[in-house]
Amino acid sequence: MKVLKFGGTSVGSPVRMKKLLDIINPNERQIVVLSAVSGTTNNLVEIGQAYLTGDKTKAAELIQILKKKYEIFINELFSNPGYLAQGQEVIDYHFALLSNLSNDLFTNIEEKLILAQGELISTTLYHIYLKEIGVPSVLLAALDFMKIDEDNEPIVDYITEHIEPLVNAHSDINLFITQGYICRNAFGEIDNLRRGGSDYTASLIGAAIRSEEVQIWTDIDGMHNNDPRIVNGTKPIAQLSFDEAAELAYFGAKILHPQSVFPAQKYKIPVRLLNTMDPKAPGTLITNDSEKDKIKSIAAKDGITAIKVQSSRMLLAHGFLRRLFEVFERYKTSIDLITTSEVAVSLTIDDTTYLDLIIQELNSFGSVDIDKDQTIVCVVGDFGAEKHGYAARVLEALKHIPLRMISYGGSDHNLSLLLNTADKVEALRSLHNRLF
Ligand code: ADP
Ligand code: ASP
Ligand code: MG
């Protein structure tokens, strides 16, 4: 059974929604994961912010604007008045829920409830549309099987145990529709898999049901060899290994949620990145294999903070790095890049929630320097220790740009550099011109 995920733009208009059946084959058993209609999750974030700041008038305004959008949407989606009325009921229900929240009792539980409405609406409308045109389908509630633990880690065994009976109960139906992004947390509350999380849902369902293939349908013809939003002339990559795709997703290639590769990788489930606007395009296939001895792609991740700890006591001191890392562990802050010398360590973090407390503790190790507004540029490909020339080509391309850190050799397929965010665009363009 395949899993097909359609992102926001792929369900972004009634026309697009109707066109999904050019891609979905109703005669084949498959699970279809849908995102919210494009723009909706951003709108829901704004509504949540308005509630959080106590501005109920603004929240009500934003809710009305969004509701209008959906009323236009359903008028184009449905032709039959009976189904249109069902669509209107769905809209009324979800928007009443948004409107009836109170300012006084607004916590992040309510905020996550708001964020969940986009996927709940898109899947329900699509399910009703399929009924209207006579295509049998089952709407599966992701909140009944998609689960994360106390550390926000999805529990694949739980997902398997809960989704399989739901699917098996309908042996006569081919098409299962479900929500991306949303889940329940360890306390049973509505939660989500972070922005862009529908990719993660698809990969998790793929892993849970040991799917033959996961297809991520989006608005571009696969993973490109550089960020197409910044660099002109980028090209799709035909094949990537799971490791390469994971590095690119983690280091900023927005086409994939940062964690979405791992569940598929664990169960060796091929992942295809495909273009809804051009379904015949080959896209990108992600498997265990990859083209050897080649630079594949470049990605960049902003919002990075570099921390340098300088200490003469580091000289020959065993246990120093352990004590240093323990500080980050205590504050549940993960480290991306590390470079060391005998007298100093530099590392990067992207979550600065506990930065002040971390600095306070690090001060006992030596002098601490902080650089904000940094960007990690990550060059991905197959360049193991026996290969030569790759690092030189990368550094040659960046010789006019100040580099704060260089990390190479951590794996066989990643060379990462830290630079000022102000230099990112030039770095990506120069690398593109020199490497491809
Ligand atoms: P969806 O809504 O379908 O999940 P996203 O907007 O999350 O789509 O991801 C697709 C977008 O990712 C593309 O439109 C493109 O602008 C952006 N993107 C960034 N880096 C890359 C890359 N290396 N290859 C392809 N797309 C990329
Ligand atoms: N709708 C969610 C978002 O915009 C999840 C997704 O689209 O993948 O982040
Ligand atoms: Mg996405």
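Structure's up top.
Residues numbered from 1 in each chain as written. Chains lettered and ligands numbered in written order. Predicted model: local features only at pLDDT ≥ 70, side-chain atom pairs only at ≥ 80, totals over all residues. Heavy atoms only, no water.

J.: I tried to follow the pattern of salt bridges on my own but got confused; where do I start?
T.: A side chain of one charge can pair with a side chain of the opposite charge if their charged atoms are brought near each other. For the structure shown, the criterion picks out 18 salt bridges. Across the salt bridge formed by Asp227 and Arg229, the nearest N and O atoms sit 2.8 Å from each other. In this structure Asp227 comes out as buried when scored by relative accessible area, which is 11%. With a closest N to O distance of 3.7 Å, Glu396 and Arg434 form a salt bridge. Of the two residues, Glu396 sits in helix 12 (residues 390–397) while Arg434 sits in helix 13 (residues 424–435), which places them 38 residues apart along the sequence. On the basis of relative accessible area, Glu396 is assigned to the partly exposed category, the value being 36%. Each of the salt bridges in this network shares a partner with another, and the network as a whole consists of Lys301, Asp336 and Asp350. (Salt bridge = Lys/Arg side-chain N within 4 Å of Asp/Glu carboxyl O. Buried < 20%, exposed > 50% of the residue type's maximum accessible area, 1.4 Å probe, protein only. Helix = DSSP H or I, 4+ residues; strand = E, 2+ residues; numbered from the N terminus.)

J.: Sorry if this is basic, but what is going on with the site of ligand 1 here?
T.: Close contacts around ligand 1 come from 16 residues, with Lys5, Thr218, Asp219, His224 and Lys254 the closest. At a separation of 2.8 Å, an oxygen atom of ligand 1 approaches a polar side-chain atom of Lys254. At 3.4 Å from an oxygen atom of ligand 1 is found a main-chain nitrogen or oxygen belonging to Ile255. When isolated, ligand 1 has an accessible area of 570 Å², and the protein chains bury 86% of it. Class assignment of the residues belonging to the shell around ligand 1 gives a composition of five nonpolar, six polar and five charged. (Near = heavy atom within 4 Å. Polar contact = N/O pair within 3.5 Å; in protein donor to acceptor, adjacent residues only side chain to side chain. Areas by Shrake-Rupley, 256 points an atom, 1.4 Å probe, with all protein chains shown as cover. Nonpolar A, V, L, I, M, F, W, Y, C, P; charged D, E, K, R; others polar.)

J.: Please explain helix 13 as it appears in this structure.
T.: What sets the pattern is the α-helix's 3.6 residues per turn: residues three or four places apart point alike. Look at helix 13: 16 Å from first C-alpha to last across 12 residues, which is about the 16 Å you get at 1.5 Å a residue. Taken together, the buried positions of helix 13 are Lys424, Ala427, Leu428, Ser430, Leu431, His432 and Leu435. Contacts from the buried residues of helix 13 go to strand 11 (295–310), strand 14 (367–381), helix 12 and strand 16 (414–420). (Expected span 1.5 Å × (residues − 1). Contact = heavy atoms within 4.5 Å.)

J.: What should I look at first to understand the pairing of strand 16 in this one?
T.: Remember that side chains alternate between the two faces of the sheet whenever the strand is regular. Where burial is concerned, most of strand 16 is hidden: six out of the seven residues are buried. Here strand 15 (residues 405–408) pairs with strand 16 via four bridges, running antiparallel. Across the sheet, residue Ser407 finds its bridge partner in strand 16, namely Ser416. Linking strand 15 to strand 16, which pair antiparallel, is a turn of five residues; within it Gly409 sits at a positive phi near 95 degrees. (Pairing = 2+ DSSP bridges.)

J.: Any chance you could explain empty space enclosed by the protein here in plain terms?
T.: Think of a ball as big as a water molecule: rolled over the atoms, this probe shows where empty space is left. A complete count under the given rule lists one cavity of 30 Å³ or more for this structure. Space inside the largest cavity adds up to approximately 50 Å³. Considering the residues around the largest cavity, the lining is formed by Asp199, Ser203, Ile216, Leu256, Ser260, Val261 and Val271. Classifying every residue of the lining of the largest cavity gives four nonpolar, two polar and one charged. (1 Å grid on protein atoms, 1.4 Å probe; cavity = no way out; pocket = protein on both sides within 12 Å on 5 of 7 lines; lining within 4 Å. Points joined across faces, edges and corners; volume = space filled by probe spheres on them.)

By themselves, these observations are geometric and do not establish any function.
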